[in-house]
Each structure stands twice: as structure tokens, then as C-alpha cells.
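Next come the chains, spelled out residue by residue.
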Amino acid sequence: MQVGIPRETLPGETRVAATPETVKKLAQAGHQVQIERSAGLAARYRDSDYEQAGATLVDAAQALGSELVLKVRRPAPAELAHMKAGGVLLGMLDPFDADGLKTLAEAGLTAFALEAAPRTTRAQSLDVLSSQANLAGYKAVLLATQYYGRIFPMMMTAAGTLKAARVVVLGAGVAGLQAIATARRLGAVVEASDVRPAAREQVESLGGKFIDVPYETDEEREIAQGVGGYARPMPAAWMARQAALVAERCKQADIVITTALIPGRPAPVLIQPDTVAAMRPGSVIVDLAVERGGNCPLSVAGEVVDHDGVTLVGLSNLPALLATDASALYARNLLDFLKLVIDAEGRFALPADDDIIKACLVCQDGKVLRSA
């Protein structure tokens, strides 16, 4: 197949959908790889490296006009104009945006949104959300160290002892668990909260203390189990109890990292303005859910703001701040997905009955196949 990799045009998006490593494998499999010039420069991949791997350097129109296009983000209208009806598109396409899916369908594309892959063992190698969230959790802690005016570990010196930072992580999914592990490695005392009871063991295995909110009814416990690895919205009574407990922990914390998101929904509010007002001057909140409204209503997307001495870091797309590694993991995710849709002869072929394909295929033959 003719495989195209265009340069990402979304502001701040530094990742690229293929690396010299994955291009080499595609070329060895007999595919004709066309990559837009400078597509990988922001991620520190040179054009010459792609050429040595077997790719041909082209302009944006040629890359987008390929039979199979690999992208990080959904194509903008100007990019769609260069894409061919009947072409295949792989990327993070925001499967919960109905208007965006309609636009892709109207362009005649067969499109796969990899964020929609099921959280199953078989799909782990192509789970783009996990690979990118892992890096986001790591980077969130490093951002906290940047804006926090003190050190993380306890340090005993001739001039006296410096206390370890207290870190609270809200949400113990992939990003949250990586944040816990990173903060612990830096010497912080870490507490974490999550609605899912299974998260306790994971938090404690990383050296964190689980903030336990007891369940008062069987309904609360059942909902807390989640679906497909994701949390579900909890009843109002449980949320109120969690909010009160979390607020007290946040008031005592030096760093709060929030990671709570439910696919297709606005981010749940976990830190109220009055809690921020009660936090100590110099405290830092890193809000990883800011693109979906934020876990704190005072967070501002794309900005770092000061609220009465508390720094709120609302920088979005943290994986793009680690573009080289983020691109490497993402490109491998795409390569593993391609194994499902390319047959032994190297041609595009949809399996008749595959749960991963069914979950990710968002449009085909001019029709949207997924309800957002």
C-alpha cells in the first residue's frame, strides 16, 4: 500500500505518526511510504533518517493523498481537501465528537479512531491512550517540580532538615499510577484517590497511600467497578463524601495532580475553588483533565495561573512535551493496529468479525458507524 505520514498542523502538536523505526518495518513489508518533509523535526526525527529507513520525502498534499494515512490528530478541513475518497485514515480522531466524525464520513474515508480500542489484553499493544497517558503522568510530576518552590525528598543537612513534599494524586488510571511512581521515586509522600476499589492494590504497590471512601450501598460498589477499565459516574452521595475527604487531603498537600476523566464526558470537578483558597501558598495543582473542562474549575487550558499563591498548571497535551518518546510509542501502536487490517499480500482488508476493529472503525462508505 501507499502509506502517507503528513506533518501535524494542530498548534502545539509536536508528535509524528511514524518514526524511522516503524517506517523501516513498513518499507520492508513492501509498502511505499511517503512522509511530508519536516514531519518529524519537532519530535527530533530528521528527514535523512526517514530516507535511510526507506521513505520518500513529499509535500503535504502527496502525503495526505496516500491510500493509507497515519496521523496523530484528526485532519483539519484544509488537510481533508487533499485526502482521497476511499482512503484509509488511522489516528486519534476523537470518537465522541459527532460533528468531527460526520466530516470524516462526508470525505469518504474509512477511518479508525484508536482511542476507542477496548481495554483488553489483546489490544494492549495498540492502546494509544495508555501509551500517551503513561508519559503524561510522568511529565505532570516534572511540571510540578518546576513550579513548586521546594524540593520533593526529605533532606537532612547541617543547616537543618527539609521535609518531604506531600503529593495527592486524584485518579489512579494509567496517568495517575505513573504520577504516583514518579513522585515516589523523587522522594515525595504520596496519597491517591480513585472511585474503583481495585485501584487500592495498585496504589499501595507503588508506595502510595490510598484515600479510602467507604461504599454505603451495593449500588455504589457495583458502579465503582467501572466498565472496560474505565470509571463510571458515581452517585451524588458518594461524590459528596469523596469531595469532603479529598478536600481535606488537598488542603494539607504541597502538590495535587488530577487525572480523572470519563470518556465522552466533561471532566468531573474534584477540587472546588474554596479548597484551592485553603491550600498553602506555594502549592501546585497540575490538572491533566483541563482539555475536558478540568478537575478544578480554576484551571485554564493552555496556561499556568496563580490563584492566591497556588499555582494551577493547565498545560494540555503533555505527551507533546515528550515528543520523541511519545511519537515512538504512538508509532508502534499504529504499526500493531495495521497488522489487523493488512492481509498477507500487503493489501487493506477488514476482518469480518474483530472486536478491536468494530470498536475503532468510526466511519466507512460515507456513513458514521459510531454514535458519539
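Look a little higher up for the structure.
Note that the structure is predicted; figures quoted are calculated from it, not measured.

### Observations concerning the pairing of strand E4 (residues 68–73)
Working step 1: E4 sits mainly inside the fold: 5 of its 6 residues count as buried.
Working step 2: In terms of strand pairing, strand E1 (residues 2–5) meets E4 through 2 bridges, oriented parallel. Paired with Val 3 across the bridge in E4 is Leu 68.
Working step 3: Sheet topology note: the E4/strand E5 (residues 88–92) ladder contains 4 bridges and is parallel. Considered in E5, the bridge of Arg 73 is made with Met 92.

### Some points on unusual backbone geometry
Working step 1: The phi dihedral of Asn 317 falls on the positive side, at around 55°, and the residue is not glycine.
Working step 2: Of note, Asn 317 is situated in the loop between strand E15 (310–313) and helix H12 (323–341).
Working step 3: Of note in the backbone geometry, Asp 365 takes a positive phi value of approximately 55° without being a glycine.
Working step 4: Relative to the helices and strands, Asp 365 is located in the loop between strand E16 (361–364) and strand E17 (367–368).

### Topic: empty space enclosed by the protein
Working step 1: One pass over the structure, following the stated rule, counts 1 cavity of 30 Å³ or more.
Working step 2: Estimated volume of the largest cavity: approximately 30 Å³.
Working step 3: As for the largest cavity, its lining consists of Ala 17, Ala 18, Thr 22, Leu 26, Leu 70, Ala 331, Leu 334, Leu 335 and Leu 338.
Working step 4: Taken together, the elements giving at least two residues each to the lining of the largest cavity come down to helix H1 (20–28) and H12.
Working step 5: The element best represented in the lining of the largest cavity is H12, accounting for 4 residues.
Working step 6: Broken down by class, the residue content of the lining of the largest cavity amounts to 8 nonpolar, 1 polar and no charged.

### Concerning the environment of Ala 240
Working step 1: Looking at the element boundaries, Ala 240 is found in helix H10 (residues 236–252).
Working step 2: Expressed as a C-alpha distance, the spacing of Ala 240 and Glu 345, which sit 105 residues apart in the sequence, is 57 Å.

### Observations concerning the nonpolar core
Working step 1: The biggest cluster of nonpolar side chains holds 42 residues, and the ones touching the most others in it are Ile 5, Leu 68, Leu 70, Leu 90, Phe 112, Phe 337 and Leu 338.
Working step 2: For this core, the leading source of residues is H12, giving 8 residues.
Working step 3: Those residues in contact with Phe 337 that sit more than four places away from it in its chain are Leu 90, Phe 112, Leu 114, Leu 126, Ile 356, Ile 357 and Cys 360.
Working step 4: The next biggest cluster of nonpolar side chains, apart from the first, holds 27 residues, and it includes Val 141, Leu 177, Ala 188 and Ala 192.

### Notes on the pattern of salt bridges
Working step 1: What the rule picks out here adds up to 22 salt bridges.
Working step 2: Notably, a salt bridge pairs Arg 280 with Asp 254, separated by 3.0 Å at the nearest N-O pair. On the criterion of sequence distance, the pair formed by Arg 280 in the loop between helix H11 (273–278) and strand E13 (284–287) and Asp 254 in the loop between H10 and strand E12 (255–258) is long-range, its members being 26 residues apart.
Working step 3: Across the pair Lys 358 and Asp 353 runs a salt bridge whose closest N-O atoms are separated by 2.8 Å.

### What about the layout of surface pockets?
Working step 1: As a volume, the second largest pocket reaches approximately 170 Å³.
Working step 2: Lining the second largest pocket are Pro 118, Arg 119, Thr 120, Thr 121, Ala 123, Gln 124, Asp 127 and Ser 130.
Working step 3: Split by residue class, the lining of the second largest pocket holds 2 nonpolar, 4 polar and 2 charged.

### Observations concerning the sheet that holds E15
Remark on secondary structure: sheet strands pair via backbone hydrogen bonds, oriented parallel or antiparallel.
Working step 1: One open sheet holds the 7 strands; their spatial order is E11-E10-E9-E12-E13-E15-E14, and the pairing between them is mixed. The open sheet has two edge strands, strand E11 (209–210) and strand E14 (304–307), and neither has a second partner.
Working step 2: Pairing geometry for strand E9 (residues 166–170) and strand E10 (residues 189–193), over 5 bridges, is parallel. For Leu 170, the partnering residue across the bridge sits in E10 and is Ser 193.
Working step 3: Along the sheet face, H10 touches E9, E10 and E12 and points at about 150° away from the line of E9.

What counts and what doesn't
- Residues numbered from 1 in each chain as written.
- Predicted model: local features only at pLDDT ≥ 70, side-chain atom pairs only at ≥ 80, totals over all residues.
- Heavy atoms only, no water.
- Buried < 20%, exposed > 50% of the residue type's maximum accessible area, 1.4 Å probe, protein only.
- Helix = DSSP H or I, 4+ residues; strand = E, 2+ residues; numbered from the N terminus.
- Pairing = 2+ DSSP bridges.
- 1 Å grid on protein atoms, 1.4 Å probe; cavity = no way out; pocket = protein on both sides within 12 Å on 5 of 7 lines; lining within 4 Å.
- Points joined across faces, edges and corners; volume = space filled by probe spheres on them.
- Nonpolar A, V, L, I, M, F, W, Y, C, P; charged D, E, K, R; others polar.
- Core = buried A, V, L, I, M, F, W, Y, C linked by side-chain atoms within 4.5 Å.
- Contact = heavy atoms within 4.5 Å.
- Salt bridge = Lys/Arg side-chain N within 4 Å of Asp/Glu carboxyl O.
- Axes fitted to C-alpha atoms, helices over the stretch in contact; angles between N-to-C directions.

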